[in-house]
Structures are given as C-alpha cells and as structure tokens.
Amino acid sequence: MRLSQFHLHTSKEIPAEAELVSHKLMLKAGMIRKLASGLYTWTPLGLRVLRKVERIVREEMDAAGAIEMLMPTVQPRELWEESGRWEKFGGQLLKMQDRKEAWYCYGPTHEEVITDFARNELASYKQLPIVFYQVQAKFRDEIRPRFGVMRAREFLMKDAYSFHLDEADLDRQYGVMHDAYSRIFTRLGLRFRAVFADTGAIGGSASHEFHVLADSGEDAIAFSDGSGYAANVELAEAVAPHSRPAASEDMREVETPVQKTCEDVAALLGLELSRTVKSIALVGADGFVLALVRGDHTLNEIKLAKVEGLGEYRFATEAEILEHLGSRPGFLGPVRPAKTIRIIADRSVAAMADFVVGANRDGFHLAGVNWGRDLPEPVVVADIRNVSAGDPSPDGSGTLAIARGIEVGHIFQLGRQYAQALGCSVLDANGKAATPTMGCYGIGVSRIVAAAIEQNHDDNGIAWPEAMAPWQAVVCVINPKKDPGVAEAADALHRELNGRGVETAMDDRGLRPGAMFADMELIGIPHRIVVSERGVAAGTFEYRHRRAAEAENLDRATLLDRIG
Ligand code: ATP
Ligand code: MG
Ligand code: MG
Ligand code: MG
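Residues numbered from 1 in each chain as written. Chains lettered and ligands numbered in written order. Predicted model: local features only at pLDDT ≥ 70, side-chain atom pairs only at ≥ 80, totals over all residues.

- An unreviewed UniProt entry lists the chain under the name Proline--tRNA ligase, with Lysobacter spongiicola DSM 21749 given as the organism.
- Among the UniProt annotations of the chain, the heading Subcellular location (unreviewed entry) holds the following wording: "Cytoplasm".
- In its Subunit (unreviewed entry) section, UniProt records this for the chain: "Homodimer." (UniProt positions renumbered as here; feature names shortened; annotations may be inferred.)

This is the structure we're talking about:
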C-alpha cells in the first residue's frame, strides 16, 4: 500500500473531551471520527485494525465449531414483548416507529432474534448441539457514552448463541468457548484475565468475563495468581450479558437515605480523589466488611449512601484495605452475591450495576460496588453479613490482588428462559418436545481496539501488538525525487516484503523525515525501514522496531531475516 494513495490523516489537535489515552491516540492517529455522541466513523486506517480483530475472532469461532450468520440490527417490538424485555430492558433500548407506526428497536443484543430463528429452524434433537454467531453492530443508548469506541452507543460485537439438549452439553460448549476466547485474546497479544462473574438473579450456572488489564479500566477485578483464582464480579452485568435488567431505570426509584458527595467523603477521609478510579471503603465495626466504591470520572457526581442494617461503619482508605487484604493471604473465596446482598427498597441486587463480592475461608467479606456508569443514582449495599465463605477451591495460597480491567468479552450460560418464553422446542430421542438450553457469548470487537491501545502505547503513540497493526511494516522513502535509486530500492523492498506475506506500507507521501517518522510512530507500525540515499550507497537499510530505543543499519538479507 502506497500511503500517497491512502487516506492517512493524523492530527495534533484533539478535543478536550478525550480523556483516555486510547481515545486521544485514536483521534490523533485518525482511526476514528466522531459523528455524534457515542457514534463513530471508522476511517480506512481504523478499519484495518478493526478487521484484524474481527478476523482472529472469526477464525477462532469457526475453529470452535460456531457457524456464522447475520441478523438484522432492527428488531420488531413483538419479539421483545414475547421475552418480556420490551419494558424491562430499560433506557438502553433505542425504540423507533416506522411509517405504519409499528414499533421496533435497534438491537442492543440478539437473544430474541436468534431464539426466533431457532424455533423456526430447529425441529429435532439431531440438529443439536448447534452454535450460531455473527459480527454485527449493536446500539445501546448508554447513559454516558464516553472514551470513544470504548463505551460507544453503536458498537461492533461478535455475539454467539448455542443450543443444547441438556446442561452437560451446554457446559461442554461453554468450556470450548472459554478456551476459544482465551486463544483470541492471546493471539491478539493482550494481557488479560478471565474472571468469574456471578450469574445473578437470572440464574444459569456459569458466567465469565474476559478483562484486558489496564489501569484505566472501568471495572475492578480481584484475582490471586497464587491459586489461579480470579473472581471478578460485576453483578448486573453477570446477571445478563444480553438480558440485563433495566438497572438505570430501576435505580431512579431507589431511596438513599443518607448521601454524601464525593467531596464530603474525600474531606472525611483526608483523601485526594483526583481521578477516575479511586476507591473508598466502608469498614464495619462488627467484623471486617467493606465495600470498594469506585467513582465515576466526574467525581463530583458521586454520592455515597449509608449502608443500612450493618451497624456502625467507618470509612477506610484504599491503602487500609489493601493492607488488610495483604495480611490475610487466605482470600480466595468464591463470589457469592445474589442471595446475600440486598439494596435498599429490597430490590434484588440484580438491578445493580456492578460490584465485586467475595469471601475468604475465615469469613472475611468483601463487597465492591461501582456506580457511575449506567446508574444515575448511587447504589446502596446492605446486608453482606451472610456472605458465606468456603466453596470450591480455596487452597490458602496466594494473595488477593485487585486490578483494573476492561471488559472485552462475556460468556454466559443462559439456560432455558428465552427458549421457554418464545416457545422454542425440538423433539427429543423419544419424540417428546424438549426445550433447549442456551449459552450466549459476546466479544466487544470495537472495544478491543481501544483496550489494546490502553495497554500498548508510549509518549509517541500507539505500539500495536503485531496481530493488530494496520501494517506490520512500513518502508519510509527519503527524498526519492533526488535519487531515482532510492525510489527503486524502496519499491523493490516494498514488493518483496508484501510478497513474503509481511503486510507492508510504503510512505511515499514526500514528508520530511521527522514528520514521517512521527506519523509512523503515532499509528504504531511495528517495523520501520528507512530507504535513503546514504543507505542505498552503502547497501543497507535503516531498521527500527517500534519498541526499540535505537535504529540499526542492516543489509538486505539480515533485514528480511528479521521481519520476513
Ligand atoms: P459493560 O459492562 O462495559 O457495560 P456489558 O456487560 O453491558 O458491558 P455485554 O452485554 O456483556 O456488555 O456485551 C458483550 C461485550 O460487548 C462486552 O463484554 C463489551 O466488550 C462489549 N460492549 C458492551 N457495551 C459496549 C459499549 N457501549 N461500547 C463498546 N463495547 C461494548
Ligand atoms: Mg459488564
Ligand atoms: Mg453495559
Ligand atoms: Mg457483560
């Protein structure tokens, strides 16, 4: 690809609203352009990266036995009435009418449509198990679209849905998808963790989220490398990756008797709350119960509510919590939220946005509640005393670490609720009607691009993992007009690299070297080769890896060896 014939449009100026590094760099590099709140155009450059992600996702889905299809983004109201989600889904559901005044929504997810497809297509147990997937746009009317494509309103998701006769088979497929997800994020070159997520009120037996580790992540995840235990939990999310209750709507009615602004809390604690992800905590007098509370990026919107029914509590700093956790290396407990936690007004926790709950063997309880993402109001944690310890696995080794993560994938055993609600059944081996049990598996394809940048950048720009780079290599041509030998050498190398399967661009835009190198570093091309008059005369190429401190002069064979 000759960059003189491509549309590359880098910029120095970026809007003030871009806070996250990934958002800034995607704008600077010219990967995305904002159309309206939460709506982004992927430029030709951005699209190259997005397609890389899609390709790996597709390859691994195919390898896992999933079959690709494509469902409409616009979905009829009637289907959503059948599942009961037309009202329940809440404010994220974008509803619209056609000229006949019939109602539709722009799909935030596709359980209804796939179950409708399945009830028409599947008749016999012999067709099961089966897994369908698509890579399709979703629209969610997020309360606070922000961070560019990280939390957009229209975004690209890979969503898969599986149908099984029994739980054991669903479990098997769930394992297959779990492995496929791990391979996807490994191939993408990302540092990630798969963490247990609670299934909440909807039931189902298992749910995991895949998080790319990054300090800017909106979620808190807890894990112990010593034991391999990873417990994250954001409850409402876990409740239903694709069928969550209308948290934001419900929350409006929740009463919070005592509220403090974040500044109040900060003053009380003598804390400096300066950034997005500051945690504060409540510590119980009757045993150590605490809540990690994370603020929104606009901290003055945060309110802290009193915990009811838990006696006297005081606030603790994050340092205190970590110290406490560090002194109790046995924290390995499972996450068990739903039955034991209530919020004020006796609403099920299923209505909450996200939190982390766990317990260790000696009854140490930990609850983290986040708000500020989908919730206009604070959420109150009430009774977490009954959190029970024990359960599978703890071996007492390792210490709990709490890290920030970006949710890039979510797999979930749905059970039979959608099949039942929509009347989807197949004939079993005895000729009797059986309702299939379902799994659903989502990946935030467009979010991955931003998450990868959060993990892979420096002061000069993006430093793509090889698998995601728009091009693996770029040949920078210096002053080709002055010396035809330079243009020829660059042309030949450009052709040769592409011929060897190294996706290579040639920067023949005629920029000065400084500006050209700055652009290539900004857009994050892993391998840069400079062809100049001096190099041609000496029979060498100047080579530099994006992450290397220095450039080296290599002869052709060594160069090809290095990157070909
Ligand atoms: P979040 O907790 O970030 O709101 P979610 O739990 O609501 O995400 P799921 O319903 O689990 O999202 O959807 C599957 C995947 O789609 C998520 O793991 C995430 O990677 C991606 N995703 C969800 N919402 C958005 C969004 N607004 N913008 C970009 N990607 C998103
Ligand atoms: Mg979530
Ligand atoms: Mg969400
Ligand atoms: Mg989710």
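### Details of the overall build of the chain
Right, on to step 1. Regarding its fold elements, the chain presents 16 helices and 32 strands.
Right, on to step 2. For the chain, the residues scored as buried account for 47% of the 564 residues in total.
Right, on to step 3. When contacts within the chain are restricted to residue pairs at least 6 apart in sequence, long-range pairs at least 24 apart make up 74% of them. (Helix = DSSP H or I, 4+ residues; strand = E, 2+ residues; numbered from the N terminus. Buried ≥ 20, exposed ≤ 12 C-beta atoms within 10 Å, placed from the backbone. Contact = placed C-beta atoms within 7 Å.)

### Some words on unusual backbone geometry
Right, on to step 1. Following Leu128, the chain continues to Pro129 via a peptide bond in cis, the omega torsion being -5°.
Right, on to step 2. Here Pro129 shows up in the loop between helix H5 (111–121) and strand S7 (130–139).
Right, on to step 3. Positive phi outside glycine occurs at Glu101, with the angle close to 65°.
Right, on to step 4. Position of Glu101 among the secondary structure elements: in the loop between strand S5 (94–97) and strand S6 (103–106).
Right, on to step 5. The backbone phi angle of Asn479 is positive, close to 50°, even though this residue is not glycine.
Right, on to step 6. Take Asn479: there are 14 C-beta atoms within 10 Å of it, and that puts it in the partly exposed class.

### Things to note about the sheet that holds strand S28 (residues 473–477)
Right, on to step 1. Read from one edge of the open sheet, five strands run S29-S28-S30-S31-S32, paired in mixed fashion. Of all strands in the sheet, those with a lone pairing partner are strand S29 (504–507) and strand S32 (552–555), marking the two edges. Ignoring strand direction, the axes of neighbouring strands in this sheet form an average angle of 30°.
Right, on to step 2. Judged from the five bridges that link them, S28 and strand S30 (residues 527–531) form a sheet pairing that is parallel. Its bridge partner lying in S30, Ala473 is registered against His527.
Right, on to step 3. Across the sheet, helix H14 (residues 513–523) is in contact with S28, S29 and S30; its angle to S28 comes to roughly 170°.
Right, on to step 4. Where helix H16 (residues 556–563) meets the sheet, its contacts fall on S28, S30, strand S31 (540–545) and S32, and the angle it forms with S32 comes to roughly 105°. (Pairing = 2+ DSSP bridges. Axes fitted to C-alpha atoms, helices over the stretch in contact; angles between N-to-C directions.)

### Here we look at the pairing of S7
Right, on to step 1. Of the pairings in the sheet, the one linking strand S3 (residues 67–68) to S7 comprises two bridges and is parallel in character. Among the inter-strand pairings, Glu68 is bridged to a residue of S7, identified as Tyr133.
Right, on to step 2. With 10 bridges connecting them, S7 and strand S8 (residues 154–164) associate as antiparallel partners. Following the sheet pairing, Ala137 is matched in S8 by Leu156.

### Some remarks on H5
Right, on to step 1. Considered for burial, the residues of H5 that qualify are Glu111, Glu112, Val113, Ile114, Thr115, Asp116 and Ala118.
Right, on to step 2. Where the residues of H5 are buried, they touch strand S4 (74–76), helix H3 (77–83), S7, S8, helix H11 (417–422) and strand S25 (437–444).

### With respect to the environment of Gly431
Right, on to step 1. Here Gly431 lies in the loop between strand S23 (426–427) and strand S24 (433–434).
Right, on to step 2. Measuring from C-alpha to C-alpha, the distance between Gly431 and Ile14 comes to 64 Å, with 417 residues separating the pair along the chain.

### Describing the sheet that holds S4
Right, on to step 1. Across the sheet, three strands lie side by side as S4-S6-S5; this open sheet has antiparallel pairing. The sheet is open, and its two edges are formed by S4 and S5, each paired on a single side. Pairs of neighbouring strands in the sheet enclose a mean axial angle of 40°, with direction left out of account.
Right, on to step 2. Looking at chain direction, S5 and S6 are connected through four bridges and run antiparallel. Counted as the bridge partner of Leu94 is Tyr106 from S6.

### A short note on the pairing of strand S9 (residues 192–196)
Right, on to step 1. The element S9 is largely enclosed, with a buried count of four among its five residues.
Right, on to step 2. Where S9 meets strand S10 (residues 207–213), five bridges bridge the pair, whose relative direction is antiparallel. Opposite Ala194, over in S10, you have Phe210 as the bridge partner.

### Some details on the nonpolar core
In a soluble, globular protein the nonpolar side chains are often hidden away together inside.
Right, on to step 1. Ranked by size, the top nonpolar core spans 98 residues in total, and within it Val53, Leu188, Val475, Cys476, Ile529 and Val531 carry the most contacts.
Right, on to step 2. Apart from residues lying up to four places away in sequence, Cys476 is in contact with Asp507, Met516, Phe517, Met520, Arg528, Ile529, Val530 and Val531. (Core = buried A, V, L, I, M, F, W, Y, C linked by C-beta atoms within 7 Å.)

### Describing the packing of helix H1 (residues 21–28) against helix H12 (residues 445–455)
Relative orientation and spacing of two packed helices are given, respectively, by the angle between their axes and the distance between those axes.
Right, on to step 1. One can describe the packing of H1 onto H12 by two numbers: an axis separation of 8 Å at closest approach and a directional angle of 105°. It follows from the interaxial angle that H1 and H12 lie roughly perpendicular. Contact with H1, carried on its side by Val21, Ser22, His23, Leu25 and Met26, involves Ala450, Ile453 and Glu454 of H12 and no other residues of that element.
Right, on to step 2. Split into classes, the residues belonging to the contact of H1 with H12 amount to five nonpolar, two polar and one charged. (Parallel < 35°, antiparallel > 145°, perpendicular 65-115°, else oblique. Nonpolar A, V, L, I, M, F, W, Y, C, P; charged D, E, K, R; others polar.)

### Some remarks on the confidence of the model for the chain
Right, on to step 1. For the chain, the mean per-residue pLDDT works out to 75, and 66% of the residues sit at or above 70.
Right, on to step 2. In this model residues 231–392 is a low-confidence stretch, pLDDT under 50, and it forms 355 contacts with partners more than four residues away in sequence or in other chains.
Right, on to step 3. Scored below 50 in pLDDT, residues 394–400 makes 27 contacts in the model with residues more than four places away or belonging to other chains.
Right, on to step 4. Here the prediction assigns the complex a pTM of 0.76, and the interface score ipTM is 0.99. (pLDDT = per-residue confidence, 0-100.)

### A closer look at the packing of helix H2 (residues 44–63) against helix H6 (residues 167–187)
Right, on to step 1. Packing of H2 against H6 brings their axes to within 9 Å, and their N-to-C directions diverge by 150°. In terms of orientation, H2 and H6 fall into the roughly antiparallel class. Where H2 crosses over H6, the two elements pack in a sense that is right-handed. Of H6, the residues touching H2 (which contributes Ile56, Val57, Glu60, Met61 and Ala63) are Ala180, Arg183, Ile184 and Arg187.
Right, on to step 2. Among the residues making up the contact of H2 with H6, the classes are represented as six nonpolar, no polar and three charged. (Left-handed = near helix turned anticlockwise from the far one by under 90°.)

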